[in-house]
Amino acid sequence: MTREILGHRNIPVQSVGCYVPGRKFPMVALAHLSVATAKVAGVPRIVACTPPFGGKPNAAVIAAMHFGGPDEIWVLGGINRGVYCASTHALERMIKSMAIEWGPHGVRVNTLCPTFIRTPLGEQTLADPVRRAWIEDKIKLGRAGEIEDIMGAVVYLSSDASALVTGTSLMVDGGWTAD
């Protein structure tokens, strides 16, 4: 379902996850802006998360997230991505369960699974030459994604073109998960 407002097509989003990486110099402004942007856009459920730094939560990042107004703030994960991988796989299973539960009511539930996308957040990881080489080696198309690479998938999942699609995780990952 889309809405036309002031000549722009708007796609309603019910839930957003905002992630701020934990580094030596945390991106406090990103912590606030990612949450606040979703809040201003009217997203009903906002979950913000960040990994611990030095074994404990980064107070500045947590405070910035809090001022943005999320529904939940989680401190989890780390550089080696174990918690990230576990939570994304759990999300994919949850999407399938929700599709079974809500399908009879005409509600479609899907998830979009992008690879590393060149955003201010993604650029932090891609700035490290060793990590970038590892990432680009995993992506069969040999490059990180651009915002434009996921736009078509978002429009597809939110349009009538996907009217019979539910319980699906759409991979827009350049082939990362192909092997």
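Rules used throughout
- Residues numbered from 1 in each chain as written.
- Predicted model: local features only at pLDDT ≥ 70, side-chain atom pairs only at ≥ 80, totals over all residues.
- Heavy atoms only, no water.
- Helix = DSSP H or I, 4+ residues; strand = E, 2+ residues; numbered from the N terminus.
- Buried < 20%, exposed > 50% of the residue type's maximum accessible area, 1.4 Å probe, protein only.
- Contact = heavy atoms within 4.5 Å.
- Areas by Shrake-Rupley, 256 points an atom, 1.4 Å probe, with all protein chains shown as cover.
- Core = buried A, V, L, I, M, F, W, Y, C linked by side-chain atoms within 4.5 Å.
- Pairing = 2+ DSSP bridges.
- Right-handed = clockwise from strand over helix to strand, strands pointing away.
- Salt bridge = Lys/Arg side-chain N within 4 Å of Asp/Glu carboxyl O.
- Axes fitted to C-alpha atoms, helices over the stretch in contact; angles between N-to-C directions.

Turning our eyes to something else, we now look at the overall build of the protein. In terms of helices and strands, the protein carries 6 helices and 7 strands. In sequence order, the secondary structure elements of the protein are arranged as β-β-β-α-β-α-β-α-β-α-α-α-β. Per-residue burial over the protein gives 28% buried out of 179 residues. Considering only intrachain contacts with a sequence separation of at least 6, the fraction spanning at least 24 residues in the protein is 70%. Accessible surface, the protein: about 11,300 Å² in total, of which carbon and sulfur atoms supply 63%.

What follows deals with the nonpolar core. Listed in full, the 11 residues of the largest apolar core are Cys18, Val20, Ala31, Val35, Ala38, Val43, Ile46, Ala48, Val61, Ala64 and Met65. Breaking this core down by element, the ones donating at least two residues are α1 (28-40), β4 (45-50) and α2 (59-68). Non-local contacts of Val35, meaning those with residues more than four positions away in its chain, are made with Cys18, Ile46, Ala48, Met65, Gly68, Gly69 and Pro70. Among the nonpolar cores identified, the runner-up in size contains 5 residues, and Phe116, Leu126, Ile139 and Ala144 belong to it.

The next subject is the pairing of strand β5 (residues 72-75). Note on strand geometry: in a regular strand, side chains alternate between the two faces of the sheet. Looking at chain direction, β4 and β5 are connected through 4 bridges and run parallel. Residue pairing across strands places Thr50 opposite Val75, the latter belonging to β5. For the segment spanning β4, α2 and β5, crossover handedness is right-handed.

Taken as a whole and judged by the stated rule, the model has 5 salt bridges. The residue Glu72 makes a salt bridge to Arg45 at a minimum N-O spacing of 2.8 Å. Linking Glu72 in strand β5 with Arg45 in strand β4, this pair joins segments that are 27 residues apart in sequence. You can call Glu72 partly exposed: its relative accessible area is 25%.

Here we take up the pairing of strand β6 (residues 110-114). Here β6 shows a buried face lined by Thr111 and Cys113 and an unburied face lined by Asn110, Leu112 and Pro114. Relative to strand β7 (residues 168-172), β6 runs parallel, the two being bridged by 5 bridges. Residue pairing across strands places Thr111 opposite Ser169, the latter belonging to β7.

Another aspect to go through is the sheet that holds β5. On the basis of which strands lie adjacent, the open sheet formed by 3 strands has the order β3-β4-β5 and parallel pairing. A single partner strand is all that each edge strand has here, and the edge strands are β3 (15-19) and β5. The average angle at which neighbouring strand axes cross in this sheet is 20°, direction not considered. Pairing geometry for β3 and β4, over 5 bridges, is parallel. Across the sheet, the residue bridging to Gly17 is Val47, located in β4. Its contacts with the sheet place α1 against β3 and β4, and it is angled at close to 175° to β4.

Turning next to the side chain of Ser169. Along the chain, Ser169 turns up in strand β7. Exposure remark for Ser169: the relative accessible area of 18% places this residue in the buried category. If sequence neighbours within four positions are ignored, Ser169 has contacts with Glu92, Thr111 and Cys113.

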